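# Overview (structure and organization)
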Amino acid sequence: SIGIRRRLKRFFRRDGRALIFAMDHGFEHGPTDFEEHWEHVNPRIILRKVVRAGIDGVMMLPGLARMAGDEVKPNVGMMIKLTSKTNLRPKGDQLLQSQLGFVEDAVKLGADAIAATVYWGSPQEDAMMRQFAEIASYAHDLGFPVVQFAYPRGPYINEKYGRKEDYRVVMYGARAAVESGADMIKTYWTGSRETFAKVVDAAAGIPVLLSGGAKTDNPVDFLKLVWDVIEAGGAGAVVGRNIFQREDPEPFIKALLRVVHRNEDPEEAAKA
Ligand code: FBP
């Protein structure tokens, strides 16, 4: 619908690319993720910084949106994620994300898009698929785009492919996201431009964004990774730890924006 298309555009610049800040870690990993730079455990402080640096969009769970959503200026896309899991669960039970909020809540909180994770290949795939279908059906009815964090994981994937980042696995997850109705996909890096380009192809025109991952010691290494994603036809990145675990995230975000939107060489972007 026109509503879905208009809202999706709030995240992307005219080049069709976006840099989105992710901040669901306090729930999904636990507050220890913020200990690298403890000040950023306060959502207002870090959101103010990322918005000031010119970020295109932000992603969070409903509670932080309610508390600090007013830091997200009207020109910044707001993505509200409705599923998660805590790291407190036994490892074997962590292959399922549960729904912790509802589409209507997200709409009331000013969301421009609704996000949900699916662990494709998990023993709990059935429940997650159904959960995604319910969220997507309702959101689409109301004219809201749906973002799928398409994360293949589970024992069978490890057994058959060795690692969840194998491009055949990531590509499968991206394709499953498309076929289950996602309007935007967030997924893992496959290790090379060639393989990531296949993931982008499998998504058949639905934008594919990189899921940031653990902070790299050298900031330029992360800029290079994002540059590879862009060169492979990716639509940008959703980045958490590589932003909020840095002492001074603002210049780093500006460098990321130059790589994403101006195809600037990572070394040059880092210097500017
Ligand atoms: P990062 O850039 O820090 O990796 O954030 C992206 C993200 O998807 C978060 O939204 C989420 O909390 C986390 O990574 C999940 O990571 P994992 O399930 O791999 O531990």
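Residues numbered from 1 in each chain as written. Predicted model: local features only at pLDDT ≥ 70, side-chain atom pairs only at ≥ 80, totals over all residues. Heavy atoms only, no water.

Contacts to the ligand come from 15 residues, most closely from His-25, His-29, Tyr-151, Lys-186 and Gly-213. In this structure, an oxygen atom belonging to the ligand sits 3.1 Å away from a side-chain N or O atom of Arg-153. Summarising the interface, the protein chains cover 89% of the accessible area of the ligand, which totals 470 Å² for the free molecule. Contributions of two or more residues to the shell around the ligand are made by α2 (25-28) and β10 (236-239). Along the lines of polarity and charge, the residues of the shell around the ligand split into four nonpolar, six polar and five charged. (Near = heavy atom within 4 Å. Polar contact = N/O pair within 3.5 Å; in protein donor to acceptor, adjacent residues only side chain to side chain. Areas by Shrake-Rupley, 256 points an atom, 1.4 Å probe, with all protein chains shown as cover. Helix = DSSP H or I, 4+ residues; strand = E, 2+ residues; numbered from the N terminus. Nonpolar A, V, L, I, M, F, W, Y, C, P; charged D, E, K, R; others polar.)

Moving on, we get to the sheet that holds strand β8 (residues 184-187). Read around the closed barrel, the eight strands follow the order β1-β2-β3-β6-β7-β8-β9-β10; overall the barrel is parallel. For this sheet the average axis-to-axis angle between neighbouring strands, irrespective of direction, equals 25°. Bridge count between β8 and strand β9 (residues 208-211): three bridges; the pairing is parallel. Paired with Ile-185 across the two strands is Val-208, which belongs to β9. The strands touched by helix α8 (residues 167-179) are β7 (146-150) and β8; relative to β7, the strand with the most contacts, the crossing angle is about 155°. Where helix α10 (residues 219-231) meets the sheet, its contacts fall on β9 and β10, and the angle it forms with β10 comes to roughly 140°. (Pairing = 2+ DSSP bridges. Axes fitted to C-alpha atoms, helices over the stretch in contact; angles between N-to-C directions. Contact = heavy atoms within 4.5 Å.)

Turning our eyes to something else, we now look at the confidence of the model for the protein. Residues of the protein with pLDDT of at least 70 account for 100%, and the chain-wide mean is 97. The ipTM assigned to the predicted complex is 0.93, against a pTM of 0.97. (pLDDT = per-residue confidence, 0-100.)

Summed over all chains, the structure comprises six aromatic pairs. With centroids separated by 6.1 Å and ring planes inclined at 35°, the aromatic side chains of Phe-149 and Tyr-151 adopt a geometry described as tilted. Each member of the pair, Phe-149 as well as Tyr-151, carries the same accessibility label: buried. Pairwise contacts between aromatic rings join Phe-21, Phe-34 and Phe-244 into one cluster. For Arg-7, the ring lying beneath its charged end belongs to Phe-144, and the centroid distance is 4.0 Å. Taking NZ or CZ as reference, Lys-164 lies 4.7 Å from the ring centre of Tyr-188, over its face. (Phe/Tyr/Trp six-rings, centres within 6.5 Å; stacked < 30°, edge-to-face > 60°. Buried < 20%, exposed > 50% of the residue type's maximum accessible area, 1.4 Å probe, protein only. Lys NZ or Arg CZ within 6 Å of the ring centre and 35° of its normal.)

Moving on to the nonpolar core. One broad trend across soluble globular proteins is that nonpolar side chains are buried collectively. Among the nonpolar cores identified, the biggest contains 88 residues, and Phe-21, Val-50, Val-58 and Met-79 are the most heavily contacted of them. With residues up to four places along the chain from it excluded, the contact list for Val-58 reads Ile-20, Phe-21, Leu-47, Val-50, Val-72, Val-76, Gly-77, Met-78 and Met-79. (Core = buried A, V, L, I, M, F, W, Y, C linked by side-chain atoms within 4.5 Å.)

The buried fraction of strand β1 (residues 18-22) is high, at five of five residues. Of the two faces of β1, the one lined by Ala-18, Ile-20 and Ala-22 and the one lined by Leu-19 and Phe-21 are each fully buried. Bridge count between β1 and β10: four bridges; the pairing is parallel. Its bridge partner being in β10, Ile-20 is matched across the sheet by Val-238.

Let's shift gears to unusual backbone geometry. Apart from glycine, the bulk of residues carry a negative phi angle, and the bulk of peptide bonds sit in the trans form. If you check the backbone angles, Ala-204 has positive phi at about 50° while not being a glycine. In this structure, Ala-204 sits in the loop between α9 (193-202) and β9. One non-glycine residue with positive phi stands out, namely Asn-263, at about 50°. As for its placement among the helices and strands, Asn-263 is situated in the loop between α12 (249-262) and α13 (266-271).

A few words now on the pattern of salt bridges. Opposite charge on two side chains permits them to pair, given that their charged atoms come into close proximity. Counted according to the given criterion, the structure contains 20 salt bridges. Of the charged contacts, one joins Arg-44 and Asp-70 as a salt bridge, the two residues approaching to 3.1 Å between their closest N and O atoms. Here Arg-44, found in helix α3 (residues 43-52), pairs with Asp-70, found in the loop between α4 (62-68) and β3 (77-81); they are 26 residues apart in sequence, far enough to count as distant. You can call Arg-44 partly exposed: its relative accessible area is 28%. Taking the shortest distance from any N to any O, the salt bridge between Glu-165 and Lys-164 comes out at 2.7 Å. (Salt bridge = Lys/Arg side-chain N within 4 Å of Asp/Glu carboxyl O.)

Turning our attention to α3. Along α3, the positions that sit buried rather than exposed are Pro-43, Ile-46, Leu-47, Lys-49, Val-50 and Val-51. Elements in contact with the buried residues of α3: β1, β2 (57-60), α4, α11 (241-244) and α12.

Before going further, it helps to examine the environment of Glu-179. With respect to the helices and strands, Glu-179 occurs in helix α8. Taking C-alpha positions, Glu-179 is 10.0 Å from Ala-204, a pair spaced 25 residues apart along the chain. Here the side chain of Glu-179 touches Arg-175 through a polar contact of 2.8 Å, side chain to side chain.

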